[in-house]
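What follows is the residue order along each chain.
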Amino acid sequence: MAQQARTVVAATGRKYSSDLVAPSQRKAWLCEVIGREYAEVDIVPPTAAPLYNEMTLYPWQALQLSVIHSNSLTIQRGTREICRPQLDNYFAVLLLQGRYCLQQQGREVFLRPGDMTIYDATVPHYIHCPEAFSKLIVSIPRTLLHQRLPQAGHLTAMPMRLQHGMTAMLSPFLQQLTRQLNQLSMQAFEASAVPMLDMLGNALETLQDHALPRSPGRSLSLLQIKQWLSKHLQDADLDSDAIAAATGFSSRYINQLFADEQTSLMRYVWQQRLALSAQYLKQPAWQHRSISEIALACGFNDFAHFSRAFKQQFGDPPRAFRQQGALLR
């Protein structure tokens, strides 16, 4: 029996739990674990509940399967370079419980339980889970996924719905596999890695018609619009008509461009303003400016509305966010 226990998958997992860490040290601990195992990120812990996170990692041939349970959490990765080659991965995410939002490369996806998506661990991304959640992550080396799907980098932050296509097979497969980890032998577990990758590759291929190709003209138009917006975010009167008049494109065409990226024009403007305000709140050069001044500088003319939106996006109100940034410097 002892020999059998050593050969089941569950016995090979590496478990990390915030329950083993003092509450005052949990944020630093979680940043360190995520940075070592997945990607270097900043995190915003929950405000209405203690920080709780438990993850168990299982080696799976060249892959890794992670089972994660957590209270609400916000994770953001900037433009910093990866520190170790073994972190050059894609992550396939399967939401088991709760709500999950991922933003990457101008796209935004909202998952329901059973849905999936992928993202590039090395590229800036933003993840927001507003309530307690459970998820699976399959870590896939970049070269391995590109062997099956060279265009994988263009398919991040796109929805793979439980009811649709190959995801209707892949999602239940991964869920059932996870439920059997206490009984499944390592040999059987490792044998399942290749068919799982095949199913994932097939599921991603069905997304290509929606993500690719964008004509060079449409790509250039979108780039021009985003460049113009980046210089005019402080204009509180921005709307689709004003943007259309300034850029020379019709409102309908502009909205179609942003719809191609699974978002809308004004949602994109709103997110860019919030991201800019977060940058200013962290920068020493802006520490002498009041939060209301920063809000105005980023295009917000309603301070109460700005504070609510900022807390919803980053988990903390602007003042607490600024104080956390000062403590980290």
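Preceding this section is the structure that the text describes.
Residues numbered from 1 in each chain as written. Predicted model: local features only at pLDDT ≥ 70, side-chain atom pairs only at ≥ 80, totals over all residues. Heavy atoms only, no water.

The full count for this structure, using the stated rule, is two cavities of 30 Å³ or more. What lines the largest cavity is a set of 19 residues, and nearest its centre among them are Ile34, Ile75, Tyr119, Lys135 and Ile137. Elements with a contribution of two residues or more to the lining of the largest cavity: α2 (26-37), β3 (53-60), β5 (73-77), β10 (125-129) and β11 (133-141). Looking at side-chain class alone, the lining of the largest cavity contains 15 nonpolar, three polar and one charged residues. (1 Å grid on protein atoms, 1.4 Å probe; cavity = no way out; pocket = protein on both sides within 12 Å on 5 of 7 lines; lining within 4 Å. Points joined across faces, edges and corners; volume = space filled by probe spheres on them. Helix = DSSP H or I, 4+ residues; strand = E, 2+ residues; numbered from the N terminus. Nonpolar A, V, L, I, M, F, W, Y, C, P; charged D, E, K, R; others polar.)

Before going further, it helps to examine the pairing of strand β7 (residues 100-104). Counting buried residues along β7, five of its five residues qualify, which places the element largely inside the surrounding structure. The alternating pattern of β7 places Tyr100, Leu102 and Gln104 on one face and Cys101 and Gln103 on the opposite face, and all of these are buried. As judged from the five bridges shared by β7 and strand β8 (residues 107-111), these two strands associate in the antiparallel manner. The residue of β8 that forms the bridge with Gln103 is Glu108. Count of turn residues in the β7/β8 antiparallel hairpin: two residues, of which Gln105 carries a positive phi of about 55°. (Buried < 20%, exposed > 50% of the residue type's maximum accessible area, 1.4 Å probe, protein only. Pairing = 2+ DSSP bridges.)

So, about the sheet that holds β8. Spatial ordering of the open sheet is given by β2-β5-β10-β7-β8, a layout of five strands whose pairing is antiparallel. Of all the strands in the sheet, just β2 (42-44) and β8 have a single pairing partner and so form its edges. Averaged over all neighbouring strand pairs, the angle between strand axes comes to 10°, with direction disregarded. In terms of strand pairing, β2 meets β5 through three bridges, oriented antiparallel. Each bridged residue has a counterpart across the sheet, and for Val44 the counterpart in β5 is Thr74. Docked against the sheet, helix α13 (residues 303-314) engages β2, β5, β7 and β10, running at close to 95° with respect to β10. (Axes fitted to C-alpha atoms, helices over the stretch in contact; angles between N-to-C directions. Contact = heavy atoms within 4.5 Å.)

As far as function goes, none of this settles anything; it's purely spatial.
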